[in-house]
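# Architecture and fold: a report
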Amino acid sequence: MKEGAKSAVLMELTKDQLETGLRGVPVGYCTTSSVEAQKGLFYVGRPVEEIANSDPEQVIHLLLHKTWPTAEQSAEFSKLLKANQGVPREVLDTLKALPRTGHPMKWFIHAINALGMVGACGDYRRECIDLIAKIPVITAAIFRVRSGWGEPIAPRTDLGYMENFVYMLGVPGLDADKTRKLTKLMRVFDVVHFDHGGGNLSTFVGKAVASGKADMYESMSAAMAGLAGPLHGKANQECLEFVQECVAKVGENVNADAVRGLIQQKLASKEVVYGFGHAVLRVEDPRAKVLRATGEELCPTDINFRMVKLLAEVVPPILAANPKISDPHPNVDSASGSLLMACGLTDPDYYTVLFGLSRVVGIAAQIVYERCEARQGKGTPIVRPKYFFSPLGTSQGEAEIAGTG
Ligand code: AMX
């Protein structure tokens, strides 16, 4: 901006916007993705539904480099990931000391932090590649060690990113057909969860922690602690439970009338209809459509999946009749848990970890931008929003603003 020129006013902020979780308050730029209320989710300008079936490595390249890779660039990028995928034994061994009663997200947060004990090098770009390359390996090891499936399985250099992940999982009893289905699902699941704009809780937290110059691993552990909450990443597990409850109540003869009655009952008793609604989108989440199409291919007769499809038809008109609900459409979590269950990952406690495995990519890419590229390479300053001093806050009505902090 020229000296003396006035910067554009972006919004007026009123007192009643305090304590609303920064809703709608602009804080910066996101170079990787955008969520547009009437249009959907875009990765570097590309509708996510158009690239959902691409190789995950190609989409990671897009998010990191802002260009779709040529065949040569794809091969180079895959080589780079493979060259960095080895997880030191001392990190894998720390998993064996963790209590198995701990939630898998706690293991995941621990594992990312442990990776930083050997991987932090003071260069966010290198740490970004290192973490993205290693995250499938360490995630698969968490499944194996915590579930008692056996020793971690070493990664191969001849498999794609998600093919390798499913190979390293080594899910006991999964036959060749189910392995093929799980691989197909994980490729799509990974891509559609990579990124979701700049202001979602885990992404914002990761960038805030990195603004204090914490390394990529420390910042990502903090981001994943944000993802662990039931209002954020854990919603996919809650949605599966909701679908299962609907199946249990309606029975094997899934039919529209019975489901309609059940949903109306739930709303009347002020219960949440899981898998529907979105904080930003006002059209159907494109990721929900992609996942239903994937389910149609992989598990069309699965009872939970049939319920997912029926709910997608029956619920929106019912929610739309309620004026307080801003978005009546299915969201990404409406189908993801049911598909994971149908394709062989039967413990829902791990579903948030799978979300994290994917979301690490977008958050790492955004941290690299904020630390290395923003403000002509100077990086954004340490995060420091303003709080007003008020001894009782709003706990007893409207607070007086008594000072600054
Ligand atoms: N079932 C019941 N009530 C709902 C609802 C739903 N599916 N969606 C919205 N509402 C209610 C809200 O609870 C809120 O009620 P209140 O005024 O009494 O507090 C009111 O409608 C207005 O909410 P909103 O402006 O439409 O949505 P929001 O931005 O506050 O919240 C979301 C968005 C996703 C939390 C909400 O739609 C919801 O709770 N959905 C069901 C849970 C779910 O599927 N979560 C997964 C989210 C997917 C994702 O974003 N990853």
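Residues numbered from 1 in each chain as written. Predicted model: local features only at pLDDT ≥ 70, side-chain atom pairs only at ≥ 80, totals over all residues. Heavy atoms only, no water.

### Considerations on the side chain of S334
Counting through the fold element by element, S334 comes out in helix α15 (residues 333-342). For S334, a relative accessible area of 8% corresponds to the buried category. Only 2.7 Å separates the side chain of S334 from the backbone oxygen of N331, close enough to count as a polar contact. (Helix = DSSP H or I, 4+ residues; strand = E, 2+ residues; numbered from the N terminus. Buried < 20%, exposed > 50% of the residue type's maximum accessible area, 1.4 Å probe, protein only. Polar contact = N/O pair within 3.5 Å; in protein donor to acceptor, adjacent residues only side chain to side chain.)

### Some points on the site of the ligand
Not every one of the 16 residues close to the ligand is listed here, only the nearest: V273, G275, F276, K324 and S326. K324 places a side-chain nitrogen or oxygen 3.0 Å from an oxygen atom of the ligand. One of the side-chain nitrogen or oxygen atoms of D333 is found 3.4 Å away from a nitrogen atom of the ligand. Burial of the ligand by the surrounding chains reaches 63%, relative to a free accessible area of 880 Å². Partitioning the shell around the ligand into residue classes produces eight nonpolar, five polar and three charged. (Near = heavy atom within 4 Å. Areas by Shrake-Rupley, 256 points an atom, 1.4 Å probe, with all protein chains shown as cover. Nonpolar A, V, L, I, M, F, W, Y, C, P; charged D, E, K, R; others polar.)

### A look at the packing of helix α9 (residues 201-211) against helix α16 (residues 351-373)
Across the interface, α9 lies against α16 with an axial gap of 9 Å and an inter-helix angle of 40°. In this view, α9 runs oblique relative to α16, as classed from their interaxial angle. The chirality of how α9 crosses α16 is right-handed. On α16, the residues touching S202, T203, G206, K207, A210 and S211 of α9 are R359, I363, Q366, I367, E370 and R371. In the contact of α9 with α16, the residues fall into three nonpolar, five polar and four charged. (Axes fitted to C-alpha atoms, helices over the stretch in contact; angles between N-to-C directions. Parallel < 35°, antiparallel > 145°, perpendicular 65-115°, else oblique. Left-handed = near helix turned anticlockwise from the far one by under 90°. Contact = heavy atoms within 4.5 Å.)

### Description of the domain arrangement of the chain
For the chain, the assigned domains read domain 1 (40-230 + 347-373) and domain 2 (235-342). One C-alpha centre belongs to domain 1, the other to domain 2, and the line joining them spans 27 Å. On the domain 2 side, the residues contacting the 24 residues of domain 1 number 22 residues. Summing the contributions of domain 1 and of domain 2, the shared interface buries around 2,000 Å²; its carbon and sulfur component is 66%. Between E297 and K184 there is a salt bridge, and its shortest N-O distance comes to 3.3 Å. In this structure, the connection of domain 1 to domain 2 is made through seven residue pairs in polar contact (both at pLDDT 80 or more). With eight residues, helix α8 (residues 176-192) is the largest single contributor of residues to the side of domain 1 that touches domain 2. Of the residues contributing to the side of domain 1 that touches domain 2, the split by class is 13 nonpolar, five polar and six charged. (Domains from an automatic or database assignment. Buried area = accessible area lost by both parts, 1.4 Å probe. Salt bridge = Lys/Arg side-chain N within 4 Å of Asp/Glu carboxyl O.)

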